[in-house]
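Breakdown of the fold
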Amino acid sequence: FIDTGIDFTHGDFKDSFGKTRIKWIWDQSQPNAANTPQPYNYGQEWTNLQIDAGLCTQTDTPQWGHGTRVAGTAAGNGMSVGRYGGVAPRADIIVVAVDFNKGGPTISDGAAYIFAKAQALGEPCVINCSLGNSMGSHDGQDLQAQLIDNLVTAQNGRVFVAAAGNNGS
């Protein structure tokens, strides 16, 4: 998921042993630190082991919670209340919390990051990017869109799903 983040403590993102199903989180808005992912050189990332150990400081944007809702619809397992699982309730999860205030290719960096992590797991990958704004070409011809297209077609088993838009009126 490329979105506002995720509430990694939510029961729908844990397995039957109480361990996180989230393999990695990259929060692009965090200050650089020892866990800044390479080659991107910004933000911070956490592994599933660090999440389970309580070391992750990423939070879904409190006033929105958008990333958590989207992730729950797509990959929640319903364990928090015993029902209402998402479309892919056993899927592994990788999250990029976008820094909306940073210029540059944050979305395509997020896509490259997620595709690389999925490849390392030996798994196919569907990226959901349910966020939008009024900037960019919106015709698929801008450089970020072309880069994402190239990432998708570079290997079988890759899909990038983008919302039609959620920028209000």
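Please refer to the structure higher up on the page.
Structure report, in brief. (Residues numbered from 1 in each chain as written. Predicted model: local features only at pLDDT ≥ 70, side-chain atom pairs only at ≥ 80, totals over all residues. Heavy atoms only, no water.)

A few words now on the layout of surface pockets. One number sums up the size of the second largest pocket: a volume of about 430 Å³. Ala91, Asp92, Pro124, Cys125 and Val126 are the residues nearest the centre of the second largest pocket, which is lined by 17 residues in total. Listed by contribution, the elements that provide at least two residues to the lining of the second largest pocket are helix H2 (66-75), strand E4 (93-97), helix H3 (106-121) and strand E5 (125-129). When residues of the lining of the second largest pocket are assigned to their parent elements, the largest contribution, four residues, is made by E5. Taken together, the residues of the lining of the second largest pocket break down into 14 nonpolar, one polar and two charged. (1 Å grid on protein atoms, 1.4 Å probe; cavity = no way out; pocket = protein on both sides within 12 Å on 5 of 7 lines; lining within 4 Å. Points joined across faces, edges and corners; volume = space filled by probe spheres on them. Helix = DSSP H or I, 4+ residues; strand = E, 2+ residues; numbered from the N terminus. Nonpolar A, V, L, I, M, F, W, Y, C, P; charged D, E, K, R; others polar.)

Taken in spatial order, the four strands of this open sheet run E1-E4-E2-E3, and their pairing is mixed. Sheet topology places strand E1 (2-3) and strand E3 (44-47) at the edges, where each strand pairs with a single neighbour. For E1 and E4, the ladder comprises two bridges, and the chain directions are parallel. Paired with aspartate 3 across the two strands is alanine 97, which belongs to E4. (Pairing = 2+ DSSP bridges.)

On the surface, a nonpolar cluster with roughly 230 Å² of combined accessible area is contributed by Val126, Val159 and Val161. Of note, valine 126 is situated in strand E5. (Patch = residues over 30% accessible without salt bridge, like charges linked within 9 Å, V, L, I, M, F, W, Y side chains within 5 Å. Areas by Shrake-Rupley, 256 points an atom, 1.4 Å probe, with all protein chains shown as cover. Salt bridge = Lys/Arg side-chain N within 4 Å of Asp/Glu carboxyl O.)

Counting buried residues in strand E2 (residues 22-27) gives five out of six residues, a clear majority hidden from the surface. Here four bridges tie E2 to E3, and the two strands are oriented antiparallel to one another. By the bridge assignment for E3, aspartate 27 is matched with glutamine 44. (Buried < 20%, exposed > 50% of the residue type's maximum accessible area, 1.4 Å probe, protein only.)

By the element assignment, glutamate 45 lies in strand E3. For glutamate 45, a relative accessible area of 17% puts it in the buried group. Side chain to side chain, glutamate 45 and tyrosine 113 meet in a polar contact 2.6 Å long. Setting aside its immediate chain neighbours within four residues, glutamate 45 contacts Trp24, Ile25, Trp26, Asn35, Pro37, Gln50, Tyr113 and Lys117. (Polar contact = N/O pair within 3.5 Å; in protein donor to acceptor, adjacent residues only side chain to side chain. Contact = heavy atoms within 4.5 Å.)

Each pair of aromatic rings is reported with the distance of its centres and the angle of its planes. Taken as a whole, this structure holds four aromatic pairs when the rule is applied. Each ring, one from tryptophan 26 and one from tyrosine 113, has its centre 5.0 Å from the other, and the planes form 50°; the classification is tilted. With tryptophan 26 in strand E2 and tyrosine 113 in helix H3, this pair connects stretches of sequence that are 87 residues apart. With a relative accessible area of 0%, tryptophan 26 lands in the buried category. By relative accessible area, which is 2% here, tyrosine 113 ends up buried. Taken together, the ring pairs connect Trp26, Tyr40, Tyr42 and Tyr113 into an aromatic cluster. The positively charged end of lysine 102 is found above the aromatic ring belonging to tyrosine 42, 4.4 Å away from the centroid. (Phe/Tyr/Trp six-rings, centres within 6.5 Å; stacked < 30°, edge-to-face > 60°. Lys NZ or Arg CZ within 6 Å of the ring centre and 35° of its normal.)

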